[in-house]
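Each chain is listed here by its residues.
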Amino acid sequence: MKLAIGIGPITPGTLRQSVEWVQFAEKLGVDMAFSAEAWWSDALTPLAYLADKTSQIKLATGIMQTTARTPAMTAMSALTLHDLTDGRFILGLGASGPQVVEGLHSTPYHPPLTRLRETVEICRMIFAGEKVRYQGKVFQMPLPDSEGKPIRVQHTAVEIPIYLATLGPNALRYTGNAANGWLGTSFSPDQSSAHLDYLSQGAADAGRTMGDLDLCVSVRVELGDNVDAMIERRKTAVAFNMGGMGSADTNFYNDAFKRAGYADDAVAIQQLWLDGKRDAAAKRVPNAMVTQFQALGDLDTVTERLAKYRDAGVTTLKLGLDSAGPIGPKRYELLEQIVDITGGL
C-alpha cells in the first residue's frame, strides 16, 4: 500500500514546520500530501508553495469544494498546479455539506451529485484542450440567450487525475464509474462492503474494474499499550461526525456508519449531539465505532489492523497522525514506524 499524509492549515507560525514535514515524508517515500479546505484556508495556495519545495511527492487537494468555484476556475487552477508541480498534482473534489456550502459560500447545496458530475465532465473537457460547450442541469457553458461564446482554455492537453470524496451510494457508484481515485472516510475494513460494493457496481457499469481506482482511505493510527485511553480520547470526534458533520437531515458520515451496521447507535448519538448533550453523545459511542474504523494499539495490533485494509483492497492509506500531537519529533517518529510496518506487509 502507498501512504499519504495531510498538511493541515498553514499559518505564519507553522509554515516552516509544514514544509519540513512534507519534505520529510517525501524522503521516506510517502506518495501523496493532501491539503484540505473547509472553513479555514483554501486547499490550493499551500500546494503552490510546496510545489517549489518538493520534487517527487504528489500534491493533492483533499478536497476542493465544488461549490466554492466554477468548474472552469477549478480546471484552470488544476492546470496551474499541474504546471507548478511538473505533473505531480492530483485534483481531489467533493461536495462538502449544506452547512458549509449554504452557510459560508452562499450557494444552494442541492443537487450535490449532479454538480460534482458536471464539474468533473467540464474539467476533463478543459484538460483535453477542448472548446467548452456544455449544457447541464447546473452549468451551461455558454449561458443560453447570452453574449457568451464557447472558449478553449489556452493550455496544452494534459491528463490530471481526479479523486472524489464520496460517501452516499449513488455518489460512490459515480466514483467507481468515472474517477481515478476514491477519497474514503468512515471506512472499516471489517465492513468494507458498505462502500466498496457501490464503487464496484459503478466501475462494472462503465466496463472498469476496481483496479482502475486508487482506493485512498483515511485511517487514524496510534501506537501504544493503553488502548482503553485511546478509545476514550476519540469518542468525542466520532460523536461530532455523527451529529455535527452535517445537518439533521443530511449527514453522509452518519449514513455511512448506519450502512456499516451501526444504525441504532448512529441515530442515538446524532440526536444527543443535536440536543446539545455532547458529553452524553460521546459516552454513547460504542468502542467498536472507534476500533473498527481506526488502527490503535501496540505494534502487532496496528500491523494486523493495517493488513486488513490491504486485504480489503485499499491501495493508499491517508494517515491521520493527530495522536502524535502537532508536527514535531513524535509525529516524525510515528510516520517512520508506519512506513516500516507497511513496507513489511
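Residues numbered from 1 in each chain as written. Predicted model: local features only at pLDDT ≥ 70, side-chain atom pairs only at ≥ 80, totals over all residues. Heavy atoms only, no water.

**Looking at the overall build of the protein**
What the protein contains, in helices and strands, is 13 helices and 12 strands. C-alpha atoms of the protein, sized along the principal axes, occupy 65 × 45 × 45 Å. For the protein, with 345 residues in total, the buried portion stands at 50%. With an accessible surface of roughly 15700 Å², the protein has 50% of that area assigned to carbon and sulfur atoms. (Helix = DSSP H or I, 4+ residues; strand = E, 2+ residues; numbered from the N terminus. Buried < 20%, exposed > 50% of the residue type's maximum accessible area, 1.4 Å probe, protein only. Areas by Shrake-Rupley, 256 points an atom, 1.4 Å probe, with all protein chains shown as cover.)

**A few points about a positive patch on the surface**
Residues K131, R133, K149 and R152 make up a contiguous surface patch of positive charge. By secondary structure assignment, the location of K149 is in the loop between strand 7 (140-141) and strand 8 (162-165). Judged by its relative accessible area of 62%, K149 falls in the exposed class. (Patch = residues over 30% accessible without salt bridge, like charges linked within 9 Å, V, L, I, M, F, W, Y side chains within 5 Å. Salt bridge = Lys/Arg side-chain N within 4 Å of Asp/Glu carboxyl O. Lys, Arg positive; Asp, Glu negative; His and termini not counted. Charge placed at Lys NZ, Arg CZ, Asp CG, Glu CD.)

**Some thoughts on helix 13 (residues 329-343)**
The first and last C-alpha atoms of helix 13 sit 21 Å apart over 15 residues, in line with the 21 Å expected at 1.5 Å per residue. Along helix 13, the residues that are buried comprise R331, L334, L335, I338, V339, I341 and T342. Taken down its axis, helix 13 places every buried residue within 165° of arc, on the same side. Turned more than 90 degrees away from the buried face of helix 13, the exposed residues are P329, D340 and G343. (Expected span 1.5 Å × (residues − 1). Arc of directions from axis to C-beta.)

**As for the packing of helix 5 (residues 112-127) against helix 6 (residues 169-178)**
Viewed as axis vectors pointing N to C, helix 5 and helix 6 meet at an angle of 15°, and their least axial separation amounts to 10 Å. In terms of their interaxial angle, helix 5 and helix 6 are classed as roughly parallel. The handedness of the crossing between helix 5 and helix 6 is right-handed. Of helix 6, the residues touching helix 5 (which contributes L113, R117, V120 and R124) are N170, A171, Y174 and A178. (Axes fitted to C-alpha atoms, helices over the stretch in contact; angles between N-to-C directions. Parallel < 35°, antiparallel > 145°, perpendicular 65-115°, else oblique. Left-handed = near helix turned anticlockwise from the far one by under 90°. Contact = heavy atoms within 4.5 Å.)

**Let's talk about the packing of helix 12 (residues 299-312) against helix 13**
In the contact formed by helix 12 and helix 13, the axes pass within 10 Å of each other and the chain directions differ by 55°. Accordingly, the angle class assigned to the pair helix 12 and helix 13 is oblique. The interaxial crossing formed by helix 12 with helix 13 has right-handed handedness. Between helix 12 and helix 13, the residues in contact are L299, V302, T303 and L306 and I338, I341 and T342, respectively. Its residues placed into classes, the contact of helix 12 with helix 13 shows five nonpolar, two polar and no charged. (Nonpolar A, V, L, I, M, F, W, Y, C, P; charged D, E, K, R; others polar.)

**Looking at the state of the cysteines**
Here is the idea: a disulfide is a covalent bond, and it sits between the sulfur atoms of two cysteines. Following the criterion strictly, the structure yields zero disulfides and no others. Free of any disulfide, C123 has its nearest cysteine sulfur in C216, 19 Å distant. (Disulfide = S-S within 2.5 Å.)

**Some words on the environment of T54**
Residue position: T54 is located in the loop between helix 2 (44-51) and strand 3 (58-61). The spatial distance from the C-alpha of T54 to the C-alpha of Q17 is 14 Å, given a sequence separation of 37 residues. Once residues within four sequence positions are removed from consideration, T54 is found in contact with V22, Q23, E26, L59 and R88. A distance of 2.9 Å separates the side chain of T54 from the backbone oxygen of L50, its partner in a polar contact. A polar contact is formed between the side chain of T54 and the side chain of R88, at a distance of 2.9 Å. (Polar contact = N/O pair within 3.5 Å; in protein donor to acceptor, adjacent residues only side chain to side chain.)

**Considerations on the side chain of T175**
Mapping T175 onto the fold places it in helix 6. For T175, a relative accessible area of 0% corresponds to the buried category. At a separation of 2.9 Å, a polar atom in the side chain of T175 contacts the main-chain carbonyl oxygen of A171. Beyond its immediate chain neighbours, meaning those up to four positions away, T175 contacts L164, T166, G181, W182, L199, R208 and L213.

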